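# Structure assessment
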Amino acid sequence: MGLYLNPGNETFAELVQADIYVDKTGLIAYMNGCIGKAKHLIASSRPRRFGKTLAAQMLTSYYSKGCDSSEVFSNLEIAKDKSFELHLNKYDVISLDIQWMRGVAIGKIQEGENTTVLGYIQSEILKELRQEYPQYVNEKENSVAATLANINQETKKKFIIIIDEWDCVFREDKENLALQSEYINFLRSLFKGGPADRFVKLAYITGILPIKKYGSHSALNMFTEYSMTDPGELAEYFGFTEQEVSVLCEKYEMSFEEAKT
């Protein structure tokens, strides 16, 4: 179990036990249905406070082979789905919170460490890949995409990649065009092209900004994007539905009409 590769389920397990938890595990069944299909790259673009991070943590807890989440999900909606056992904790998962990693990287740079934001992100992922697959990761390799391609070539292993706050660099480093270019090329190397098609089994990324063209780059147009204006099949899995609010109001003896206003 690592911090980025095959993390555990402790955070999501605690959230499930909270006084108020609304079951959104139907999203897992939807994602399971994307595995093995052409549209296996999913992006969720939403404002803050719509449960994007919770969804990323939930998917990580479900897919990661670094933990056993059978009990965590046993009383939730997904446990009734026919795909539940098929994919539960079966995969190598790379789970990244870009906002957190960027903050740590900047702190190290300010302390005088010889690194960059993207250099730190890649080095941390590579460190854990070397621990898991030492015979397939060159000590001098500095590309995550090249490493995943090599692991796949040698073992046929595929990875599930989950990225929370993928667009953080574009929001926080608006004037740093060099970093933006380097970062978008990093993401494109993970998700676009023949080798990426072979080593990515499923991907889920969240952000506030829509996926669009950034500068001279075509960004991440290989993803199927679900947004506030076009939520598609994922509409019920973010925020609260009217039915969910009604149930909560009844449970806590609150006025549903007041909650609506």
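This section reports on the structure supplied with the text. Not measured: the values here are computed from a predicted model. (Residues numbered from 1 in each chain as written. Predicted model: local features only at pLDDT ≥ 70, side-chain atom pairs only at ≥ 80, totals over all residues. Heavy atoms only, no water.)

## Describing the overall build of the chain
Heads up, the condition is: Only DSSP runs of H or I with at least four residues qualify as helices, and only runs of E with at least two residues qualify as strands; both kinds are numbered from the N terminus onward. It only takes one pair of heavy atoms within 4.5 Å for two residues to be counted as in contact. Note on areas: Shrake-Rupley with a 1.4 Å probe; residue coverage comes only from the protein chains shown.
Across its full length, the chain holds 13 helices and five strands. For the chain, restricting intrachain contacts to residue pairs at least 6 apart in sequence, the fraction spanning at least 24 positions comes to 73%. Counting only carbon and sulfur atoms, one obtains 49% of the accessible surface of the chain, whose full area is about 13,400 Å².

## A word on the nonpolar core
For soluble globular proteins, the rule of thumb is that nonpolar side chains tend to be buried together. To keep things clear, this is the line we draw: What is meant by a nonpolar core is a set of buried Ala, Val, Leu, Ile, Met, Phe, Trp, Tyr and Cys residues, joined one to another through side-chain atoms within 4.5 Å. For every residue, the accessible area (1.4 Å probe, protein chains only) is compared with the maximum for its type, and the residue is labelled buried under 20%, exposed over 50%, or partly exposed between those bounds.
Counting 44 residues, the largest nonpolar core has Trp166 and Phe191 as its most contacted members. With 31 residues, the next largest nonpolar core counts Leu27, Ala56, Phe73 and Tyr226 among its residues.

## Re unusual backbone geometry
Located in the positive-phi region is Asn6, a residue other than glycine, with phi close to 55 degrees. With respect to the helices and strands, Asn6 occurs in the segment before helix 1 (10-16). In this structure, Lys156 takes a positive phi of about 70 degrees despite not being glycine. Take Lys156: it is sitting in the loop between helix 8 (144-155) and strand 3 (159-164). On the accessibility criterion, Lys156 (61% relative accessible area) is exposed.

## Examining the sheet that holds strand 4 (residues 200-207)
For clarity, the cut-off: A pair of strands counts as paired when DSSP detects no fewer than two bridges linking them. Axis definition: a line fitted to C-alpha atoms, limited for helices to the stretch in contact. Angles are taken between N-to-C directions and run from 0 to 180 degrees.
Taken together, five strands build an open sheet; the order of strands is 2-3-4-1-5 and the sheet is parallel. One side of each edge strand has no neighbouring strand; the edge strands of this open sheet are strand 2 (92-97) and strand 5 (224-226). Within the sheet, the average angular offset between the axes of one strand and its neighbour, ignoring direction, is 15 degrees. Relative to strand 5, strand 1 (residues 41-45) runs parallel, the two sharing three bridges. In the strand pairing of strand 5, Ala43 is matched with Glu225. Along the sheet, helix 6 (residues 98-110) makes contact with strand 2 and strand 3, crossing strand 2 at roughly 65 degrees.

## Observations concerning the pattern of salt bridges
Applicable threshold: The rule for a salt bridge is simple: a side-chain nitrogen of Lys or Arg has to be within 4 Å of a carboxyl oxygen of Asp or Glu.
By the definition in use, this model includes nine salt bridges. Here Arg130 ties to Glu139 by a salt bridge, and the two come within 3.8 Å at their closest N and O atoms. The exposure class assigned to Glu139 is exposed, which follows from its relative accessible area of 63%. Ionic contacts of the salt-bridge type, sharing partners, join the residues Glu165, Asp167, Arg171 and Glu172 into one network.

## A closer look at the packing of helix 8 against helix 10 (residues 177-191)
Rules: Between 65 and 115 degrees an angle is taken as roughly perpendicular, under 35 as roughly parallel, over 145 as roughly antiparallel, and anywhere else as oblique.
Packing of helix 8 against helix 10 leaves a shortest axis separation of 8 Å and a crossing angle of 10 degrees. Taken as axis vectors, helix 8 and helix 10 run roughly parallel relative to one another. Judged by residue contacts, Val144, Ala145 and Leu148 of helix 8 engage Phe186, Ser189 and Leu190 from helix 10.

## A look at the environment of Gly194
Tracing the sequence through the fold places Gly194 in helix 11 (residues 194-199). The spacing of Gly194 and Ala149 is 45 residues in sequence and 9.6 Å in space, taken between C-alpha atoms.

## Section: the pairing of strand 3
In the case of a regular strand, side chains alternate between the two sheet surfaces. Summarising burial for strand 3: six of the six residues are buried, a large majority. The alternating pattern of strand 3 places Phe159, Ile161 and Ile163 and Ile160, Ile162 and Asp164 on opposite faces, both of which are buried. The pairing of strand 2 with strand 3 spans six bridges and is parallel. Bridging from a neighbouring strand, Ser95 pairs with Ile162 of strand 3. In the sheet, strand 3 pairs with strand 4 via five bridges, with the strands oriented parallel. Note that in strand 4 the partner of Ile160 across the bridge is Leu202.

## Brief notes about the environment of Leu118
Residue position: Leu118 is located in helix 7 (residues 117-132). With 13 residues separating them in the primary sequence, Leu118 and Ala105 have C-alpha atoms 8.3 Å apart.

## Overview of the packing of aromatic side chains
Operational definition: Within 6.5 Å between ring centres, the rings of Phe, Tyr and Trp (the latter by its six-membered ring) count as paired, and their orientation is classed by plane angle as stacked under 30 degrees, edge-to-face over 60, tilted in between.
Inspection of every chain in the model, using the stated rule, returns 11 aromatic pairs. An angle of 70 degrees between the planes, with centres 6.4 Å apart, marks the rings of Tyr133 and Phe159 as edge-to-face. Highlighted residues: Tyr133 in the loop between helix 7 and helix 8 and Phe159 in strand 3, separated in sequence by 26 residues. Of the two residues examined, Tyr133 and Phe159, each falls in the buried class. Taken together, a centroid distance of 6.1 Å and an interplanar angle of 55 degrees make the contact between Phe170 and Tyr183 tilted. Pair noted here: Phe170 is in helix 9 (residues 168-172) and Tyr183 is in helix 10, with a separation of 13 residues, a long-range link. Of the two residues, Phe170 and Tyr183, both sit in the buried class. By way of ring pairs, the aromatic residues Phe12, Tyr62, Tyr63, Phe73, Phe84 and Tyr91 are connected into one cluster.

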